[in-house]
Amino acid sequence: MIPQPFEYHAPPTLPEALALLGEYGDTAKLLAGGHSLLPMMKLRFAQPEHLIDLNGIAELRGIREDNGMLWIGAMTTENQLIWSDRLQQRCPLLVEGARQIADPQVRYRGTLGGDLSHGDPGNDHPALMIALDASFVLRGAGGEREVAAADFFVGTYMTLLEPGEIMTGIRIPVPAAGTGYCYAKLKRKTGDFATAAAAVVLRMSGGTVEYVRIALTNVGDTVVHAVDAEQALLGKPLDARAVDTATRLAMAACNPAPDLRGDADYKRAMAGEMTRRALNTAHDRTVK
Ligand code: FAD
């Protein structure tokens, strides 16, 4: 289908984008890579009268590190994440996750900020961001605020972004040396969304789990943060029994919807299996 007509705006600066957003309010939509928004417009699930294109705003791109914190501009594309030597060295989980998103064409245009702002439970970055303890910088006419990834996603296509706000950047504490990580994703074919996926970050100390994050993709109304599974692992050796317990608790946290990728029981089982694989791989990658 063809989208309804709209007026196109390409502001060169963030203040101009915010002013346009303020002027057109509910009738406007921000355009990043367009790989989620344009399909919705073609299906007429979204019918904006104004499109505000963020692609010309230089300050929304780039990857920097300062005082142990990574800053990634919201308009940074998947391929820019994948090609970043800094991320490869300092935050390889993000590179591993981005490599598994969609297909090469989508990864040329799709952005980190767009993937997060869309609030789709099938998107991979929400789980990666929760696993990495990331936070999001949101700018509105009244100033800037920062929201933790663990709080940001509130339902299907629902986030804490307020009308009039733009996500400008993503902040990630650089994982400590020796941190293990893994993004295990089951998909039917290249370019598909996850049937189920698990993001894990893990640190061991003296043979026991000192720190762990587990977050799951596409097995609930929104990303699932498997807090009970994390709690069960803390202070214990990561042996087969502990992994079994965490897997069971992660499955209990899921509430998947049946679709062409499988019924709810199958998806829950696959969420468990992805959790198990991600925990074991992350463990193998820790420097003990
Ligand atoms: P857009 O589509 O431009 O925008 C999405 C939404 O976010 C819009 O509502 C827009 O207004 C809003 N928005 C965008 N940027 C901002 C911002 N900075 N501040 C506030 N609001 C903003 N994703 C995955 O994670 N995993 C997959 O496996 C996957 N497979 C895909 C397969 C195909 C064939 C396609 C077409 C897409 C797939 N996607 C997948 C989605 C893809 O990653 C999208 O690029 C992503 O969801 C949206 O990013 P975008 O930059 O394209 O944003």
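Below is a short write-up of the structure. If you're wondering where the values come from, they're calculated on a predicted model, not measured in any experiment.

**Section: the nonpolar core**
Thought 1: Residues Leu94, Met129, Phe136, Ile170 and Ile172 are the most contacted members of the largest nonpolar core, which totals 39 residues.
Thought 2: Residue contributions to this core reach at least three from each of two domains, namely domain 2 (61–173) and domain 3 (180–285).
Thought 3: If we skip the residues at most four places from it in the chain, Met129 touches Leu94, Leu112, Leu116, Ala134, Phe136, Ala149, Ile170 and Ile172.
Thought 4: Counting residues in hydrophobic clusters, the runner-up holds 28 residues, among them Val224, Ala229, Leu279 and Ala282.

**Observations concerning the state of the cysteines**
Thought 1: Tallied over the full model, the rule gives zero disulfides.
Thought 2: Cys182 supplies the cysteine sulfur nearest to Cys91, a cysteine that is in no disulfide, at a spacing of 14 Å.
Thought 3: Here Cys254 stays free of any disulfide, with the sulfur of Cys182 as its closest cysteine sulfur at 16 Å.
Thought 4: On the basis of relative accessible area, Cys254 is assigned to the buried category, the value being 7%.

**Describing the sheet that holds strand β13 (residues 208–217)**
Thought 1: What the four strands build is an open sheet, ordered β11-β12-β13-β14; its pairing is antiparallel. Two strands lie at the open edges of the sheet, namely β11 (180–186) and β14 (224–225), each paired on one side alone.
Thought 2: As paired elements, β11 and strand β12 (residues 196–205) share seven bridges and run antiparallel to each other. The partner of Leu186 across the bridge, within β12, is Ala196.
Thought 3: Packed onto the sheet, helix α5 (residues 92–99) meets β11 and β12 and runs at close to 10 degrees relative to β11.

**Some words on the site of the ligand**
Thought 1: In the vicinity of the ligand there are 29 residues, among which Leu30, Gly34, Ser36, Thr111 and Asp124 approach most closely.
Thought 2: Within the backbone of Ala32, one N or O atom sits 2.8 Å away from an oxygen atom of the ligand.
Thought 3: About the coverage of the ligand: the protein hides 91% of its 970 Å² of free accessible area.
Thought 4: Broken down by secondary-structure element, the contributors of at least two residues to the shell around the ligand are β2 (28–31), α7 (112–117) and β10 (166–173).
Thought 5: Its residues assigned to classes, the shell around the ligand comprises 13 nonpolar, eleven polar and five charged.

**So, the packing of aromatic side chains**
Thought 1: Applying the stated criterion to the full structure yields four aromatic pairs.
Thought 2: Look at Phe136 and Phe152: their rings are 4.9 Å apart centre to centre, the planes differ by 80 degrees, and that puts the pair in the edge-to-face class. One end of the pair, Phe136, is in strand β6 (residues 135–140); the other, Phe152, is in helix α9 (residues 149–152), with 16 residues separating them in the sequence. Each member of the pair, Phe136 as well as Phe152, carries the same accessibility label: buried.
Thought 3: Consider the rings of Phe136 and Phe153, whose centres lie 6.0 Å apart with planes at 75 degrees: the pair is edge-to-face. With Phe136 in strand β6 and Phe153 in strand β8 (residues 153–155), the pair connects residues that are 17 residues apart, well separated along the chain.
Thought 4: The buried category is assigned to Phe153, whose relative accessible area is 10%.
Thought 5: The structure contains a cluster of three or more aromatic residues connected by ring pairs, namely Phe136, Phe152 and Phe153.
Thought 6: Its guanidinium or amino end placed over the ring of Trp71, Arg64 lies 4.1 Å from that ring's centre, counting from NZ or CZ.
Thought 7: Above the ring of Tyr211, the side-chain terminus of Arg203 is found at 4.4 Å from the ring centroid.

Calculation rules
- Residues numbered from 1 in each chain as written.
- Predicted model: local features only at pLDDT ≥ 70, side-chain atom pairs only at ≥ 80, totals over all residues.
- Heavy atoms only, no water.
- Core = buried A, V, L, I, M, F, W, Y, C linked by side-chain atoms within 4.5 Å.
- Buried < 20%, exposed > 50% of the residue type's maximum accessible area, 1.4 Å probe, protein only.
- Domains from an automatic or database assignment.
- Contact = heavy atoms within 4.5 Å.
- Disulfide = S-S within 2.5 Å.
- Pairing = 2+ DSSP bridges.
- Helix = DSSP H or I, 4+ residues; strand = E, 2+ residues; numbered from the N terminus.
- Axes fitted to C-alpha atoms, helices over the stretch in contact; angles between N-to-C directions.
- Near = heavy atom within 4 Å.
- Polar contact = N/O pair within 3.5 Å; in protein donor to acceptor, adjacent residues only side chain to side chain.
- Areas by Shrake-Rupley, 256 points an atom, 1.4 Å probe, with all protein chains shown as cover.
- Nonpolar A, V, L, I, M, F, W, Y, C, P; charged D, E, K, R; others polar.
- Phe/Tyr/Trp six-rings, centres within 6.5 Å; stacked < 30°, edge-to-face > 60°.
- Lys NZ or Arg CZ within 6 Å of the ring centre and 35° of its normal.

In short, geometric facts, not functional conclusions.
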